[in-house]
Amino acid sequence: MAETYLTLTNKVIARLNEVALTSSTFSSARGIQVQCQNAVNESIRFINQREFNYPFNHATATQTLTAGVVRYSLPTSTKTVDYNTFRIVKDSDLGNSGYKLNLLDYNDYINRVINQEDEIESTTTSTTHTDSVTTITVASTTGFDSAGTIVIGNETITYTGVTSTTFTGATRGASSTTAASIASGVTVAQFDRGGVPEYVVRTPDNNYLLYPFPNKAYAIKFDYYTFPSDLSAQDDTTTIPDRFAPVIVDGATAFVYQYRGETQQYQLNMQRFEQGIKNMQTLLVNKFSYLRSTFIARTGSADIRAL
């Protein structure tokens with residue numbers, strides 16, 4: 001049976017010889033019961049903060065790229081990302097194979113190829129469109145050519161004129177693409193270059209960008225580790241495996257004693273908690289078969305000149 005927020009809280013309450021909660025009284029807890037609830041979440045946070053790469057927090061993200069968009073955000077639950085796992089997903093319809101992206105240092109990107117971002121004009125649609133309309137309504141056409149080509153999703157559209165907020169005389173599904181309905185608020189881009197990305201760059205705000213920027217809606221995958229949200233409902237469960245529930249309870253009990261100013265009991269339980277975390281790290285993380293060098297080789301100038 002999976003350990004729930006209720007069962008973990010009651011195990012802490014039992015150690016303190018207090019009145020247990022039920023599924024119906026959990027939301028109306030009072031006094032020491034509330035302290036035990038808070039301590040369970042504090043214990044779980046403490047465990048997750050002590051190690052970046054717990055396997056039970058591992059996740060794989062799939063991101064559909066947007067033509068003409070260089071910079072992307074990581075999932076909001078991200079704790080740390082393995083940038084060496086970024087890869088393009090094979091897509092026969094788009095004509096690209098699957099392969100691993102190379103890692104490019106942000107300073108090298110700034111010094112050598114950031115000008116790719118100057119080659120893109122972008123706006124967003126301001127209403128929905130069917131797959132046959134010939135006027136595309138957007139937030140603004142400032143910076144776009146008076147006649148030319150735009151890309152929305154995987155559709156290429158040519159147009160013959162502009163107003164301040166529309167592209168007129170549109171030919172849908174140009175360049176052997178397929179006309180499709182268009183939602184409001186999607187990116188409309190104009191560019192001359194782009195392609196299938198070959199490099200991923202970690203940005204200073206701990207997100208990522210791609211070089212070259214995508215010219216189609218390719219998909220990428222990468223591995224990352226999450227920082228789970230606090231437990232809330234009585235039947236919520238933690239990502240930490242049930243066999244480590246005693247570690248959570250040790251930590252929560254220590255924190256309750258700390259709240260109450262019982263220093264000796266706090267120290268005894270905290271020692272057990274710390275040892276439990278060390279055992280988790282030994283069992284789950286520090287295995288020889290998973291050890292590898294963390295040295296990141298800086299991309300040489302010769303490699304950058306070849307971009």
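Our subject is the structure that appears above.
Fair warning: this is a prediction, and the values are worked out from it, not measured in the lab.

Colleague: Before we go on, may I ask you to explain the packing of aromatic side chains in this structure?
Modeller: Ring pairs (aromatic) are described by centroid distance and by the angle formed between their planes. Enumeration according to the criterion identifies 16 aromatic pairs in this entry. Between F86 and F222, the aromatic rings sit 4.5 Å apart at their centres with planes inclined by 10°, giving stacked as the arrangement. You can see F86 sitting in strand β3 (residues 78–88) and its partner F222 sitting in strand β16 (residues 219–226), a full 136 residues away along the chain. Accessibility classification places F86 together with F222 in one group, the buried group. With 6.3 Å between their ring centres and 50° between their planes, Y199 and Y211 make a pair best called tilted.

Colleague: Just checking my understanding: could you explain the sheet that holds strand β4 (residues 99–100) for this structure?
Modeller: Spatially, the four strands line up as an open sheet ordered β1-β16-β3-β4, and their pairing is antiparallel. Strand pairing shows two members of the sheet lacking a second neighbour, β1 (58–64) and β4, which therefore form its edges. In this sheet, β4 lies alongside β3 in antiparallel orientation, the contact comprising two bridges. Directly across from I88, in β4, lies its bridge partner Y99.

Colleague: What is the right way to read the sheet that holds strand β10 (residues 161–162) from this model?
Modeller: What holds strands together in a sheet is hydrogen bonding between their backbones, with the strands either parallel or antiparallel. Reading across the sheet, the three strands line up as β7-β11-β10 and stay open at both edges, with antiparallel pairing between neighbours. Two strands bound the open sheet, and with one partner strand each, they are β7 (136–137) and β10. For β7 and strand β11 (residues 166–168), the ladder comprises two bridges, and the chain directions are antiparallel. Bridge pairing in β11 places T137 opposite T166.

Colleague: It is not clear to me how the pairing of strand β9 (residues 155–159) should be interpreted in this structure. Could you clarify?
Modeller: Within a regular strand, side chains alternate between the sheet's two faces. Among the five residues of β9, four are classified as buried, and the element is accordingly described as predominantly covered. In the sheet, strand β8 (residues 148–152) pairs with β9 via five bridges, with the strands oriented antiparallel. Looking at β9, one finds that I150 is bridged to I157. Where β8 folds back onto β9 in an antiparallel hairpin, the turn is made up of two residues, including G153, whose phi is positive at roughly 65°. Strand direction decides the pairing type here: β9 and strand β12 (residues 171–174), joined by two bridges, are antiparallel. Opposite T156, over in β12, you have A174 as the bridge partner.

The rules we used
- The written sequence of each chain sets the order in which its residues are numbered from 1.
- Totals for whole chains, interfaces and linings use every residue, but because this is a predicted model, local features are given only for residues with pLDDT of at least 70 and side-chain atom pairs only at 80 or more, for both listing and counting.
- Note that the side-chain values use all heavy atoms of the structure and ignore hydrogens as well as water.
- Note on aromatic pairs: the rings of Phe, Tyr and Trp (six-membered ring only in Trp) are paired at centre separations within 6.5 Å, and the planes decide the class, stacked below 30 degrees, edge-to-face beyond 60, tilted for the rest.
- Numbering of helices and strands runs from the N terminus, with a helix taken as a DSSP run of H or I at least four residues long and a strand as a DSSP run of E at least two residues long.
- Burial status follows relative accessibility: with a 1.4 Å probe on protein chains alone, a residue under 20% of its type maximum counts as buried, one over 50% as exposed, and anything between as partly exposed.
- Strand pairing is assigned whenever DSSP detects at least two bridges linking the two strands.

Keep in mind these numbers describe shape, not what the thing actually does.
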